[in-house]
Amino acid sequence: MMSGLLLALALSSTPEPPRAAPDAPVRTWLVPALHSAGLMAAMRTSLSLLWPRDFDPSRFRENFRQLRRGYSRPPHFDAHQRALEWDGDSWLINTVGHGLFGAEVYARSRQCGHGPGASLLATTLVSTTWEYGVEAFHKQPSAQDLVWTPLVGALLGEGRFQLHRHVRDGGGAPGPARTLLLFLIDPLGEAERRALGTRC
């Protein structure tokens, strides 16, 4: 009887193995990289549809001449233009469009387990890829966009990330209302997670 009591005490004092958090983020760069590539492809297609003359991909000679200019000259910045239109684009495209682009890349990186610094770096790399790898075939890279997209994208993206996590973990309305909120905060990410089964 005494040995049974000692065995029971020993078992009760044995610490339980640590449990993994059920919703611990999956740390990966594959999902944010594919997400960013898809986003840039959709943006590039939209440019050709909205401005077919300026973004015609079939003008190979002209496009490659512009690409050489893009790499041989500094990024475009015209201090005589109105504030936040220093590259000649409209205020709406520069502020809202590029801000949302940066926020999308940043938030996706954060949701896939990366910290603020790494997510800001990823957003900067994607923004630079857009300016020098996609748009440079048609226009001079923009100094304003190279700075604005990652910085404002990080601010908006961190807010979206924190709000999404709060709602996902039980904050706000339950049931279908919560699902609707998650889609409103992160429509592309939620669609990917549900349709494609991505884990972050």
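Quick notes on the rules
Residues numbered from 1 in each chain as written. Predicted model: local features only at pLDDT ≥ 70, side-chain atom pairs only at ≥ 80, totals over all residues. Heavy atoms only, no water. 1 Å grid on protein atoms, 1.4 Å probe; cavity = no way out; pocket = protein on both sides within 12 Å on 5 of 7 lines; lining within 4 Å. Points joined across faces, edges and corners; volume = space filled by probe spheres on them. Helix = DSSP H or I, 4+ residues; strand = E, 2+ residues; numbered from the N terminus. Nonpolar A, V, L, I, M, F, W, Y, C, P; charged D, E, K, R; others polar. Salt bridge = Lys/Arg side-chain N within 4 Å of Asp/Glu carboxyl O. Buried < 20%, exposed > 50% of the residue type's maximum accessible area, 1.4 Å probe, protein only. Expected span 1.5 Å × (residues − 1). Arc of directions from axis to C-beta. Core = buried A, V, L, I, M, F, W, Y, C linked by side-chain atoms within 4.5 Å. Contact = heavy atoms within 4.5 Å. Disulfide = S-S within 2.5 Å.

Q: Even after reading the chapter, I still don't get the layout of surface pockets, so can you show me in this structure?
A: Picture a little ball the size of a water molecule; that probe, rolled over the atoms, points out where space is still empty. One number sums up the size of the largest pocket: a volume of about 460 Å³. Around the largest pocket, the lining is made up of 17 residues, and of these Leu-47, Trp-51, Ile-93, His-98 and Glu-135 lie nearest the centre. Of all the elements in the fold, those that place two or more residues in the lining of the largest pocket are helix H2 (30-50) and helix H4 (91-111). Residues of the lining of the largest pocket, tallied by class, amount to eight nonpolar, five polar and four charged.

Q: Honestly, the pattern of salt bridges in this entry has me stumped. Any pointers?
A: If the charged atoms of two oppositely charged side chains come close together, the side chains can form a pair. A full pass over the atoms with the stated rule returns 12 salt bridges. The closest approach of N and O atoms between Arg-82 and Glu-85, which form a salt bridge, is 3.7 Å. For Asp-89, the salt bridge goes to Lys-139, with nearest N and O atoms at 2.7 Å. Taken together, the residues Asp-89 in the loop between helix H3 (60-72) and H4 and Lys-139 in the loop between helix H5 (116-134) and helix H6 (143-168) connect sequence positions 50 residues apart. The class for Asp-89 is buried, based on a relative accessible area of 16%. Salt bridges sharing partners connect three or more residues here, namely Glu-104, Arg-160, Asp-186, Glu-190, Arg-193 and Arg-194.

Q: I would appreciate a short explanation of H3 in the present structure.
A: The periodicity of an α-helix, 3.6 residues per turn, causes residues three or four places apart in sequence to face the same way. Across its 13 residues, H3 extends 18 Å between first and last C-alpha, which sits within 8% of the 18 Å expected from 1.5 Å per residue. Three or more residues of H3 are buried, namely Asn-63, Gln-66, Leu-67 and Gly-70. All buried residues of H3 project into a common sector of 105° when viewed along the axis, lining one side. Those residues of H3 that are exposed and aimed more than 90 degrees away from the buried face are Arg-61, Arg-68 and Ser-72.

Q: Would you take a moment to explain the nonpolar core for this structure?
A: Within soluble globular proteins, side chains that are nonpolar generally end up buried alongside one another. With nine residues, the main nonpolar core is built from Leu-39, Met-40, Leu-47, Phe-55, Phe-101, Val-105, Val-126, Trp-130 and Val-134. Put simply, the parts of the chain that give this core at least two residues each are H2, H4 and H5. The contact partners of Val-105, leaving out residues within four places of it in the chain, are Ser-36, Leu-39, Ala-122, Thr-123 and Val-126.

Q: How should I be thinking about the state of the cysteines in this particular structure?
A: Here is the idea: a disulfide is a covalent bond, and it sits between the sulfur atoms of two cysteines. Within the structure shown, the criterion is met by one disulfide. With a sulfur-sulfur separation of 2.0 Å, Cys-112 is cross-linked through a disulfide to Cys-200. Between Cys-112 and Cys-200, the S-S dihedral sits near 80°, and the bridge is therefore right-handed. Of this pair, Cys-112 sits in the loop between H4 and H5 while Cys-200 sits in the segment after helix H8 (187-196); the two residues are 88 residues apart in sequence, bridging distant segments of the chain. Note on accessibility: Cys-112 and Cys-200 belong to one class, buried.

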